[in-house]
Amino acid sequence: MTEHLLLAFGLTLMAGLATGIGSILAFFVSTTNTKFLSIALGFSAGVMIYVSMIEIFVKAQDSLVGALGKVSGNWVTVGGFFAGMLLIAMIDKFVPKQGNPHELKTVEDMKQPRVKDTALLKMGTFTALAIAIHNFPEGIATFTSTLQDPSLGIAIAVAIAIHNIPEGIAVSVPVYFATGDKKKAFKLSFLSGLSEPLGAIAAYFLLMPFLNDVMFGVIFASVAGIMVFISLDELLPAAQRYDEAHLSIYGLIGGMAIMAISLLLFI
């Protein structure tokens, strides 16, 4: 159990701090590789959708049906799934529009003439806040999934880390553009990812003491809903805005295929 806990915290931390990787890339590469981003984001969405619907939802259903019976268990599973979607949709709704983390930024934006612009600085700060809020439930998802099944947790952590990289760019670009301060831009981007391990810590202290078959099933059903919503609302639209010649869909199918094969290998 202790080993699983350390792995769960470690994976959640790794996934969250991938925002810092995005920030570093923004400073040290000259152009945005849109083809790579499109494929990577599509791949991440494919992994998350497949694992949510084929593995996580089914585990939640099995747990809840075993604890509550066939009818009640199935209803609670579906209710938990859509409750997860509703939670992340409400977070989206109440995040200030100035800090929309879905607004794409590219490395080329860093090359524009810099102007001391408080509106841009405010936008970067809001973006960091928005990403931090989004990352909190993602941290819970990664942590709880790893505790239940480490191989599942690794897949989810990698998928979330991939989609956190362009979010790091989205924080860094406006802050650097407004201030010319790389350290400040990186720090804000880095800090926005720390809410992911904070989500893991919250899950550990608030949920673990009450963890039983019903609680586990509800959490897993909600995690499935959260990840499907993130994939459909964030990853695929972002991938398609970067897209050239349906690369995002090829990435999506590739992510699903690799996830399916990995699950078969670990049966």
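Keep in mind that what you see is a predicted model, and the values were worked out from it rather than measured.

Counting secondary structure elements, the protein contains ten helices and zero strands. N-terminal to C-terminal, the α/β element order of the protein is α-α-α-α-α-α-α-α-α-α. Across the protein, every contact between residues at least 6 apart in sequence was considered, and the portion connecting residues at least 24 apart equals 90%.

Once that is clear, we can look at the UniProt feature "transmembrane region" (unreviewed entry) in the protein. Within this structure's numbering, the places UniProt gives as "transmembrane region" (unreviewed entry) are residues 6-29, 36-58, 78-95, 119-137, 152-176, 214-235 and 247-266. The span residues 36-58 is 100% helical and 0% strand by assignment, and the distance between its end C-alpha atoms comes to 32 Å. Along residues 152-176 the backbone is 100% helical and 0% strand, and the end-to-end C-alpha distance reaches 37 Å.

So, about the nonpolar core. By size, the foremost hydrophobic cluster in this structure holds 42 residues, and its most contacted members are Met-48, Val-51, Ile-56, Leu-152, Ile-156 and Met-227. Of all the elements, helix α9 (residues 213-242) adds the most residues to this core, at 15 residues. Dropping the residues within four chain positions of it, Met-48 is found in contact with Ala-159, Ile-160, Met-227, Ile-230, Ser-231 and Leu-235.

The next thing to look at is a nonpolar patch on the surface. Nonpolar side chains collect at one region of the surface, where Phe-136, Leu-198, Ile-201, Phe-205 and Leu-206 lie side by side and expose about 500 Å² of accessible area between them. It is helix α8 (residues 195-207) that contributes the most residues to the nonpolar patch, four residues altogether. As for its position among the elements, Leu-198 is in helix α8.

Before going further, it helps to spend a moment on the packing of aromatic side chains. This structure, assessed with the given rule, holds seven aromatic pairs. A ring pair is formed by Phe-57 and Phe-81, whose centres lie 5.6 Å apart and whose planes are at 85 degrees; its orientation type is edge-to-face. Here Phe-81 lies in helix α4 (residues 70-94) and Phe-57 lies in helix α3 (residues 34-68), a separation of 24 residues in the sequence. Of the residues examined, Phe-57 reaches a relative accessible area of 15% and is grouped as buried. Using a relative accessible area of 7% as the deciding quantity, one classes Phe-81 as buried.

Quick look at the packing of helix α6 (residues 150-179) against helix α7 (residues 182-193) now. How two helices pack is summed up by the angle between their axes together with the distance between the axes. At a minimum axis separation of 8 Å, α6 and α7 run at an interaxial angle of 150 degrees. With respect to α7, the axis of α6 lies roughly antiparallel. Classified by chirality, the crossing of α7 by α6 is right-handed. Of the residues in α7, those in contact with Gly-168, Val-171, Ser-172, Val-175, Tyr-176 and Thr-179 of α6 are Lys-182, Lys-184, Ala-185, Leu-188, Ser-189 and Ser-192.

Here we take up α6. Between its first and last C-alpha atoms α6 spans 42 Å; for 30 residues at 1.5 Å apiece the expected length is 44 Å, and the two agree. Ile-165 marks the point of greatest bend in α6, at about 25 degrees, and the proline Pro-166 comes within the next four residues. Count one or two residues on from α6 and you reach Gly-180, which has phi positive near 70 degrees.

Here is what the cut-offs are and how they apply
Residues numbered from 1 in each chain as written. Predicted model: local features only at pLDDT ≥ 70, side-chain atom pairs only at ≥ 80, totals over all residues. Heavy atoms only, no water. Helix = DSSP H or I, 4+ residues; strand = E, 2+ residues; numbered from the N terminus. Contact = heavy atoms within 4.5 Å. UniProt positions renumbered as here; feature names shortened; annotations may be inferred. Core = buried A, V, L, I, M, F, W, Y, C linked by side-chain atoms within 4.5 Å. Buried < 20%, exposed > 50% of the residue type's maximum accessible area, 1.4 Å probe, protein only. Patch = residues over 30% accessible without salt bridge, like charges linked within 9 Å, V, L, I, M, F, W, Y side chains within 5 Å. Areas by Shrake-Rupley, 256 points an atom, 1.4 Å probe, with all protein chains shown as cover. Salt bridge = Lys/Arg side-chain N within 4 Å of Asp/Glu carboxyl O. Phe/Tyr/Trp six-rings, centres within 6.5 Å; stacked < 30°, edge-to-face > 60°. Axes fitted to C-alpha atoms, helices over the stretch in contact; angles between N-to-C directions. Parallel < 35°, antiparallel > 145°, perpendicular 65-115°, else oblique. Left-handed = near helix turned anticlockwise from the far one by under 90°. Expected span 1.5 Å × (residues − 1). Bend = angle between axes of the 7 residues up to and from the residue.

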